[in-house]
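Examination of the molecular architecture
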Amino acid sequence: MGMNQRHRYDILKEWLNHSKKTVVLTGAGMSTESGIPDFRSQSGWWKQIDPRTVATVEALEQNYSLFHAFYTRRIQALENCMPHEGHRILADWERKGLIDCVATQNVDGFHRVAGSKNVEELHGSIQTIRCQACGQSESLESFLNKESCTHCGGKLRPNVVLFGEVLPQDSWQHTIHHIQEAELVLVIGTSLEVYPVNQLPTMTKGKTVYINLEIPANVNYFDLTIEGKAKEVLQQVNEGLDV
Ligand code: OAD
């Protein structure tokens, strides 16, 4: 209580420097400073449209036009956006051995674009497309042109996880493994409202840090919270980090 921001940065710097295994978990708040809306903020996607009507298997099967229009907008929203300094700092920390892995709920692919290598995309990727019926890979262009699967005529969809679908099991298992061994888990830019990813911060024996624009009252189990913007906080913490 009452701990000032500078002191919080110093604690995080010290934990980062001493942790032998650090895992970062990110959400949509990691990418808002790149110009991509998040989901549950005032300007978020789910304030414009009910996720049940576009982000479920039922929507894909029964209301493909709306599904297609929504994901087309999501893909187009990325077109003129790029990773920001915060993404690059995380990639840099991985190269320097300060962090081991980034597990993300984001489908924008920005951690990899920024240079992170060990990335688990827990909610898949919006940049690649498959057929819902037979699984064949198709091009982003085919999806945007609202074409059907060239193999079976099925509906095309991005490789994102829809509500009601399971997470990519390899990524999920790898992430759990990393989290269980971590000495430090940094959670950045997520409301922690979505299961099962919101269980991850409670599965570690390590220290936990929550960096977010707002700290909800029900999120009270972190060892350290830093209220602020992802990019700004990462820049501050990166400054004078002794590695
Ligand atoms: P949310 O929109 O639920 O939460 C984003 C959080 O980031 C909010 O608490 C914001 O206050 C915070 N935030 C916004 N800008 C920020 C910034 N610049 N710096 C720090 N924090 C910031 O997004 P997620 O938690 O990622 O899933 O949502 C989880 C999942 O719900 C998404 O992956 C998506 C969605 O439905 C699927 O589509 C499967």
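So, a few notes on the structure that sits alongside this text.

Rules and cut-offs
- Residues numbered from 1 in each chain as written.
- Predicted model: local features only at pLDDT ≥ 70, side-chain atom pairs only at ≥ 80, totals over all residues.
- Heavy atoms only, no water.
- Helix = DSSP H or I, 4+ residues; strand = E, 2+ residues; numbered from the N terminus.
- Rg over C-alpha atoms; globule rule 2.2 N^0.38 Å.
- Buried < 20%, exposed > 50% of the residue type's maximum accessible area, 1.4 Å probe, protein only.
- Pairing = 2+ DSSP bridges.
- Contact = heavy atoms within 4.5 Å.
- Axes fitted to C-alpha atoms, helices over the stretch in contact; angles between N-to-C directions.
- Near = heavy atom within 4 Å.
- Polar contact = N/O pair within 3.5 Å; in protein donor to acceptor, adjacent residues only side chain to side chain.
- Areas by Shrake-Rupley, 256 points an atom, 1.4 Å probe, with all protein chains shown as cover.
- Nonpolar A, V, L, I, M, F, W, Y, C, P; charged D, E, K, R; others polar.

A separate point is the overall build of the protein. Across its full length, the protein holds 10 helices and 9 strands. Relative to the 2.2 N^0.38 estimate, which gives 18 Å for 243 residues, the radius of gyration of the protein is 19 Å and therefore close to what a compact globule would have. Overall, the protein is about 55 × 35 × 30 Å in size when its C-alpha atoms are taken along their principal axes. Classification of the 243 residues of the protein by burial places 52% in the buried group.

Strand order in the open sheet formed by 3 strands is β5-β4-β6, and the pairing between neighbours is antiparallel. The strands lining the two open edges of the sheet, one partner per strand, are β5 (137-138) and β6 (156-160). Its contacts with the sheet place helix α5 (residues 64-77) against β4 (124-131) and β6, and it is angled at close to 50° to β6.

The environment of the ligand is made up of 24 residues, and the closest members are R40, H123, T190, S191 and E214. Contacts to the ligand include H123, whose side-chain N or O atom sits 2.7 Å from an oxygen atom. Between the ligand and L213 there is a distance of 3.1 Å, counted from a nitrogen atom to a backbone nitrogen or oxygen. Computed on the free molecule, the ligand has an accessible area of 790 Å², of which 95% lies beneath the protein chains in the complex. Counted by class, the shell around the ligand contains 8 nonpolar, 11 polar and 5 charged residues.

This next bit is on unusual backbone geometry. Cis peptide bonds are those with omega within 30 degrees of zero, and the linkage from Y195 to P196 qualifies with 0°. Structurally, P196 can be placed in the loop between β7 (184-188) and β8 (207-212). Residue K146 is not a glycine yet carries a positive backbone phi of 55°. In this structure, K146 sits in the loop between α8 (140-144) and β6. For K146, a relative accessible area of 40% corresponds to the partly exposed category. Non-glycine residue L192 carries a positive phi angle of around 60°. Inspection of the secondary structure assignment puts L192 in the loop between β7 and β8.

This brings us to the sheet that holds β7. If you trace the 6 strands from one edge of the open sheet to the other, you get β3-β2-β1-β7-β8-β9, paired in parallel fashion. Strands at the two margins of the open sheet, each flanked by one partner only, are β3 (119-121) and β9 (224-227). Taking the axes of each pair of neighbouring strands and ignoring which way they run, one obtains an average angle of 15° across the sheet. Of the strand pairs in this sheet, β7 and β8 are connected by 5 bridges, and their pairing is parallel. Within the sheet, the bridge partner assigned to L184 lies in β8 and is K207. Each of β1 (22-26), β2 (101-104), β3 and β7 is contacted by helix α9 (residues 169-181), which is oriented at about 130° to β3, the strand it contacts most.

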